[in-house]
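Descriptive analysis of the structure
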Amino acid sequence: MINLNQEAFSLFHEQVSNWELARVNYEGLKTVRTKTVSFGDYDVQVQFNPARIISTGARMDAKTIAERKCFLCMENLPAEQRSIDAGEYTILVNPFPIFPQHFTIPHKEHIDQEIKPYFSDMLELAEALDEYIVFYNGPRCGASAPDHLHFQAGTKDFLPLLEDYRRLKPTHALLLDEGENYQLFQLEDYRRTVYCIESDSINSAKNVFENLYIELSDLSDLSLTLSNREGIRKTKGEGIRTEPMMNIVCSYEDGIWFTYIFPRATFRPWQYNASGDEQLLVSPATVEMSGIFITPIESHFERINKTDIESILKQASI
């Protein structure tokens, strides 16, 4: 993975020059409407991005997924789409972007989306792509291809999360555990639960993550039980889990991996399937959990407010 930053940068500029779909959608990012919702110590950005309707509005039932061709398998890529090699992974320019530079990083094999066996791969990619952030959407947490293992990468510091953490850590980060090569924090008063593993060792970060994974498995089971008992509105088909629901962001800074983990309680909020003026087509994934809400419908962008955002984050997060 030598010079992967430079290769990714070159791939991006080649694709936006020669692939019409990518060119139009990245140009469109320059004029998307945005608004800021303040929560005092931090903000949430809301973006009206109509091109993201393909992902936000996607049907994610098992039948639909089984019947469509996998758009991350090399043999099904559009003729215009180019790639670069990254070991067991391939780097592609995402033609439906959120970030100014947005990549999808699928595994070369068609294997299910899951993080535990491949967590170290994510850290290695974050180190090799240290000019970007690398992130993971769980199979019921925003992944548009839950049947094909993949990560994504995007422009560094685009997500509010990274700056929020740097600014709030001295006053809002609770130290949960530490060792010779790691520290585990929880960011408090953030409207959603987020843990951060700071480590200078892949093995140490992996061990902390696997311990947290076990605890999140127990929390996910408890959350589902309580939700069912209390009659909370759930998305149809939700509850079948292959791993604890989570979104993950990883950034490599000066020899330290910062891995942010958002434990999840629901796939989509009740507002997603509501009727009339109650409907808000927001499908929380890593980007939303990290402080940027994507709304592909203009009236929903205009209507969504602080109360809605707080409600959606509360539903999404354990």
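As shown above, the structure is provided for reference.
Description of the structure in this document. Keep in mind that what you see is a predicted model, and the values were worked out from it rather than measured.

What counts, and at which threshold
Residues numbered from 1 in each chain as written. Predicted model: local features only at pLDDT ≥ 70, side-chain atom pairs only at ≥ 80, totals over all residues. Heavy atoms only, no water. Helix = DSSP H or I, 4+ residues; strand = E, 2+ residues; numbered from the N terminus. Buried < 20%, exposed > 50% of the residue type's maximum accessible area, 1.4 Å probe, protein only. Contact = heavy atoms within 4.5 Å. Areas by Shrake-Rupley, 256 points an atom, 1.4 Å probe, with all protein chains shown as cover. Disulfide = S-S within 2.5 Å. Phe/Tyr/Trp six-rings, centres within 6.5 Å; stacked < 30°, edge-to-face > 60°. Lys NZ or Arg CZ within 6 Å of the ring centre and 35° of its normal. Pairing = 2+ DSSP bridges. Axes fitted to C-alpha atoms, helices over the stretch in contact; angles between N-to-C directions. Salt bridge = Lys/Arg side-chain N within 4 Å of Asp/Glu carboxyl O.

1. Here's the deal with the overall build of the protein
Along the protein, the regular secondary structure elements total 10 helices and 13 strands. Counting all 318 residues of the protein, 54% fall into the buried class. For the protein, the proportion of contacts with a sequence separation of at least 24, taken over those separated by at least 6, is 67%. A total accessible area of about 14300 Å² is found for the protein, and carbon and sulfur atoms account for 49% of it.

2. A short note on the state of the cysteines
On inspection of all chains with the given rule, the structure shows 0 disulfides. Cysteine C196 remains unbridged, with the sulfur of C250 as its closest cysteine sulfur at 9.1 Å. The exposure class assigned to C196 is buried, which follows from its relative accessible area of 1%.

3. Section: the packing of aromatic side chains
Scanning all chains against the criterion turns up 14 aromatic pairs. Summarising the aromatic geometry, the rings of F99 and F158 are spaced 5.2 Å apart at their centres and angled 50 degrees between planes, so their arrangement reads as tilted. With a gap of 59 residues between them, F99 in the loop between β4 (89-93) and β5 (102-106) and F158 in the loop between β7 (150-155) and α6 (160-172) connect regions that are remote in the sequence. Overall, F99 belongs to the buried group, its relative accessible area being 0%. An aromatic cluster of three or more residues is present, and its members are F12, Y26, F103 and Y132. Geometry around F301 places K35 over its ring, the cationic atom sitting 5.2 Å from the centre. Seen from the ring of Y190, R192 lies directly overhead, with NZ or CZ sitting 3.8 Å from the centre.

4. Let's talk about the sheet that holds strand β2 (residues 43-48)
Across a sheet, paired strands are connected by hydrogen bonds in the backbone, their directions being either parallel or antiparallel. Spatially, 3 strands are ordered β1-β2-β13 in an open sheet, and the strand pairing comes out mixed. If you trace the sheet from one side to the other, it starts and ends with β1 (33-38) and β13 (292-295), each paired once. This sheet shows a mean twist of 20 degrees between the axes of neighbouring strands, independent of strand direction. In this structure, β1 lies alongside β2, joined through 6 bridges in antiparallel fashion. Considered in β2, the bridge of T36 is made with Q45.

5. Points about helix α5 (residues 119-128)
Helical geometry: 3.6 residues make up each α-helical turn, so side chains three or four residues apart lie on a common side. Of all 10 residues in α5, 8 are buried, a share of seventy percent or more. If you check which residues of α5 are buried, you get F119, S120, D121, M122, L123, L125, A126 and A128.

6. A word on the pairing of strand β12 (residues 256-263)
Counting buried residues in β12 gives 7 out of 8 residues, a clear majority hidden from the surface. Pairing of strand β10 (residues 194-199) with β12, which is carried by 5 bridges, proceeds in the antiparallel orientation. Bridging from a neighbouring strand, I197 pairs with T259 of β12. Both strand β11 (residues 246-253) and β12 contribute to a ladder of 8 bridges, which runs antiparallel. Directly across from S251, in β12, lies its bridge partner F258. Where β11 folds back on β12, the antiparallel hairpin that results is connected by 2 residues, among which D254 adopts a positive phi of roughly 50 degrees.

7. Notes on the side chain of H107
The topology assignment puts H107 in the loop between β5 and α5. Residue classification places H107 among the buried positions, given a relative accessible area of 6%. Not counting residues within four places of it along the chain, the set of residues in contact with H107 comprises E88, Y89, H148 and L149.

8. Brief notes about the sheet that holds β5
The strand order β3-β4-β5-β7-β6-β11-β12-β10-β9-β8 describes an open sheet built from 10 strands, whose pairing is antiparallel. Each edge of the open sheet carries a strand with a single partner, namely β3 (83-86) and β8 (173-179). Averaged over all neighbouring strand pairs, the angle between strand axes comes to 20 degrees, with direction disregarded. In the packing of helix α1 (residues 4-18) onto the sheet, the strands contacted are β3, β4, β5 and β6 (132-137), and the crossing angle to β3 comes to about 165 degrees.

9. A short note on the pattern of salt bridges
Tallying each qualifying case throughout the model produces 13 salt bridges. Between K156 and E253 there is a salt bridge whose closest N-O contact spans 3.1 Å. Separated by 97 residues along the polypeptide, K156 in the loop between β7 and α6 and E253 in strand β11 bring together distant segments of the chain. On the basis of relative accessible area, E253 is assigned to the partly exposed category, the value being 26%. A salt bridge links K169 to E198; its shortest N-O distance comes to 2.8 Å. Taken as a pair, K169 in helix α6 and E198 in strand β10 lie far apart in primary sequence, 29 residues in all. Note on K169: relative accessible area 27%, which makes it partly exposed.

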